[in-house]
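Coordinate inspection notes
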Amino acid sequence: LRPGLDRQSYAIQKRTLEEDGFAWNGAWEPALQHLGYEVQSLYVNVEPLQKAWAAENGAARPQIGWMEQIARCQLEAFQPNLLFLDYLAVFRRPWLDAMRSACPELRLILGFSGVYLNDFETIRACDAIFSCARRPVEHFRKGGGRAFMLRHAFNPAVLQSLPPPAEPLGEVVFAGSIARGAGSHLEREQLIETLVGT
């Protein structure tokens, strides 16, 4: 918890989130910048962060649709050649089409989803879609998407901010997420239930 963080500048909020290991936790920049790419990570679902960017850059701060509108302003300012999105439930085909018009140098839109999505219009609007699981990849391909595996990775920079190792919390520790329901993390859920004997 960081009391008052929501009133800090965009740069301070973003750096704090990345130091906490939020989302992709700043892993894309060091992975790609040394190859000569200019990279900008946006955490578009963090309202105080995004509204701080909007205030600092003279952009509108709408109450409804702020996620899509502020992200569009950020992309128009950055003018990327490649856009990698992992929030396709919000950023759907009409928004992707608008980005292609607003960013003339945009050559590729790549999507990512770790679970099934049935919005095949959006999936097909991506030049490629990635998933960390085999079954969603197959599902996206059946729906007409160019789908590929992209395994989870680990940003070793996170280790620098961790305290010394503590005593184990128990015999089985799960760090991750489980989305329940058809087409989600059923195998993961069954494996954990088997391990804990329920």
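What counts and what doesn't
- Residues numbered from 1 in each chain as written.
- Predicted model: local features only at pLDDT ≥ 70, side-chain atom pairs only at ≥ 80, totals over all residues.
- Heavy atoms only, no water.
- Helix = DSSP H or I, 4+ residues; strand = E, 2+ residues; numbered from the N terminus.
- Buried < 20%, exposed > 50% of the residue type's maximum accessible area, 1.4 Å probe, protein only.
- Areas by Shrake-Rupley, 256 points an atom, 1.4 Å probe, with all protein chains shown as cover.
- Contact = heavy atoms within 4.5 Å.
- Axes fitted to C-alpha atoms, helices over the stretch in contact; angles between N-to-C directions.
- Parallel < 35°, antiparallel > 145°, perpendicular 65-115°, else oblique.
- Left-handed = near helix turned anticlockwise from the far one by under 90°.
- Nonpolar A, V, L, I, M, F, W, Y, C, P; charged D, E, K, R; others polar.
- Core = buried A, V, L, I, M, F, W, Y, C linked by side-chain atoms within 4.5 Å.
- Phe/Tyr/Trp six-rings, centres within 6.5 Å; stacked < 30°, edge-to-face > 60°.

Side note on the overall build of the chain
- When you go through the chain residue by residue, the secondary structure sums to eight helices and four strands.
- Expressed along its principal axes, the backbone C-alpha trace of the chain runs to roughly 55 × 45 × 40 Å.
- Taken across its 198 residues, the chain has 34% of its residues classed as buried.
- Carbon and sulfur atoms make up 55% of the accessible area of the chain, which amounts to about 12,700 Å² in all.

Some thoughts on the environment of Gln69
- Within the fold, Gln69 resides in helix H4 (residues 66-78).
- In contact with Gln69, other than residues within four places in its own chain, are Pro62 and Ile64.

Concerning the packing of H4 against helix H5 (residues 93-102)
- For the pair H4 and H5, interaxial distance at closest approach is 10 Å and the crossing angle is 25°. On the basis of their axis angle, the class for H4 and H5 is roughly parallel. Once H4 is placed against H5, the crossing between them reads as right-handed. Along the contact surface, H4 presents Glu68, Ala71, Arg72, Leu75 and Glu76, while H5 presents Trp95, Ala98, Met99 and Ala102.
- A breakdown of the residues in the contact of H4 with H5 according to their chemical character gives six nonpolar, no polar and three charged.

Some remarks on the nonpolar core
- Core analysis: the biggest nonpolar cluster contains 34 residues, and Leu83, Leu85, Phe91, Trp95, Leu96 and Ile109 have the highest contact counts within it.
- Among the secondary structure elements, those contributing two or more residues to this core are helix H1 (10-19), helix H3 (47-56), H4, strand S1 (82-85), H5, helix H6 (120-125) and helix H7 (134-142).
- With five residues, the single largest contributor to this core is H4.
- Residue contacts for Trp95: discarding those within four places in its chain leaves Glu68, Ala71, Arg72, Leu75, Leu83 and Leu85.
- Grouped together as the second largest cluster of nonpolar side chains are five residues, Leu110, Phe112, Ala128 and Cys132 included.

Details of the side chain of Lys14
- With respect to the secondary-structure elements, Lys14 resides in helix H1.
- Its relative accessible area of 15% is what places Lys14 among the buried residues.

Describing the packing of aromatic side chains
- The tally for this structure, following the rule as stated, stands at five aromatic pairs.
- One aromatic cluster in this structure is built from Trp28, Phe84 and Phe112.

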